[in-house]
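Structural overview
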Amino acid sequence: MNIQQLTDLTTQVRRDILGMVHKVNSGHPGGSLGCAEFLVCLYNEVMDIKLPFTMDGKEEDLFFLSNGHISPVFYSVLARRGFFPISELNTFRLLNSRLQGHPTPHEGLEGVRVASGSLGQGLSVAIGAALAKKLNGDKHLVYTLHGDGELQEGQIWEAAMYAGGKGVDNLIATVDYNHKQIDGPTDVVMPLGNLRAKWEAFGWQVIDIEKGNDIASILKGLADAKALTGKGKPVCILLHSEMGNGVDFMMGTHAWHGKAPNDEQLAKGLAQNPETLGDY
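Let us look at the structure shown here. (Residues numbered from 1 in each chain as written. Predicted model: local features only at pLDDT ≥ 70, side-chain atom pairs only at ≥ 80, totals over all residues. Heavy atoms only, no water.)

**Considering the pattern of salt bridges**
To keep things clear, this is the line we draw: The working definition used for a salt bridge is a side-chain nitrogen of Lys or Arg within 4 Å of a carboxyl oxygen of Asp or Glu. Runs of H or I in DSSP of at least four residues are treated as helices and runs of E of at least two as strands, each being numbered from the N terminus.
Taken as a whole and assessed by the stated rule, the structure comprises 13 salt bridges. Lys268 serves as the salt-bridge partner of Glu264, at 3.7 Å between the closest nitrogen and oxygen. Here Lys268 and Glu264 lie together in helix 10 (residues 263–271), a separation of 4 residues that amounts to about one turn. Ionic contacts of the salt-bridge type, sharing partners, join the residues Glu88, Arg98 and Glu110 into one network.

Set out below in structure tokens:
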């Protein structure tokens, strides 16, 4: 895809997110919108994936969503990449749906290899998958995505210590560094300090994507990260994103971390993101 195609897809993904959360008056639009460009680039331009989906993930890149509450963007990107029908987005958070609030493989949802949403666990899972690839002689990579507030979980740093200490160099972990979490700014709830210095101290190579909602910057950052793999250290990307990106009244605040728009707000949000690829 070229930049315009990725931009159009991102705009449509934002429409999907708003519509899904509004329909059931439940979900997490803020972080989903903030990571839309990143996941669109990852799944449509960067990762080597195979379809139809298989759970074993052999000879392909793997992705694990650790901050599982941003499931709306994950489901939209998966559906529009061809993992399952786009029409299934209509079932988001409904009883007996495969598209629950936090992703789970329990009902065989294509694209989901592990349940997530209990924060702090995704990096540990990814390390296991990355080590399995090394044992199997599989040269593909393992990617993860984490919220910056999620880094307040101790298991993250246990995993980071292991990956750095054991040279798990086929792993790229991305932190959605938007400085916001459900209860307020991360600097107020639990200051994270110098994240680059922290990850480097644990033996990781670190890349900053300063424009975390700019597609060209994301593509370059991911290419730079891939170039660092295989050199004895895991790689961390600090993605400087904006929560609620693309919907002006959701930006610059943590208020939309887990709140659905009403009818009027939905209309405003959709007006700012014109239909590009067809609504579900």
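And the narrative resumes.
**Looking at the packing of helix 5 (residues 122–135) against helix 6 (residues 154–165)**
For clarity, the threshold we go by: Note on geometry: axes are C-alpha line fits, over the in-contact stretch for helices, and angles between N-to-C directions span 0 to 180 degrees. Throughout this description, any angle smaller than 35 degrees is read as roughly parallel, any larger than 145 degrees as roughly antiparallel, any in the 65 to 115 degree range as roughly perpendicular, and the remainder as oblique. Between two residues, a contact is recorded if the distance between any of their heavy atoms is within 4.5 Å. Polarity classes work like this: nonpolar for Ala, Val, Leu, Ile, Met, Phe, Trp, Tyr, Cys and Pro, charged for Asp, Glu, Lys and Arg, and polar for all others, with Gly in that last group.
Relative orientation of the contacting elements helix 5 and helix 6 amounts to 25°, with a least axis distance of 9 Å. Between helix 5 and helix 6, the interaxial angle falls into the category roughly parallel. On the side of helix 5, the interface is formed by Leu123, Ser124, Ile127 and Leu131, while helix 6 contributes Gln155, Ile156, Ala159, Ala160, Tyr162 and Ala163. Of the residues assigned to the contact of helix 5 with helix 6, the class counts are 8 nonpolar, 2 polar and no charged.

**Considerations on the layout of surface pockets**
One water molecule sets the probe size; rolling that probe over the atoms shows where empty space is left. Stated formally: Note on definitions: the grid is 1 Å and covers protein atoms alone; a cavity is a set of points where a 1.4 Å probe fits but cannot get out; a pocket is an open set with protein on both sides within 12 Å along at least five of seven lines; lining residues have an atom within 4 Å of a point. Grid points are joined across faces, edges and corners, and a volume is the space filled by probe spheres set on the points.
Reported here for the largest pocket is a volume of approximately 290 Å³. Contributing to the lining of the largest pocket are 19 residues, with His69, Leu119, Gln181, Ile182 and His257 lying nearest its centre. Looking at the lining of the largest pocket, its residues break down into 4 nonpolar, 10 polar and 5 charged.

**Considerations on the state of the cysteines**
Filter applied, for reference: Cysteine sulfur atoms that come within 2.5 Å of each other are treated as a disulfide pair. Type-normalised accessible area, obtained with a 1.4 Å probe on protein chains alone, sets the label of each residue: buried when under 20%, exposed when over 50%, and partly exposed for intermediate values.
Under the definition given, this model contains 0 disulfides. The thiol of Cys41 is not disulfide-bonded; the next cysteine sulfur, from Cys35, is found 12 Å away. Judged by its relative accessible area of 0%, Cys41 falls in the buried class.

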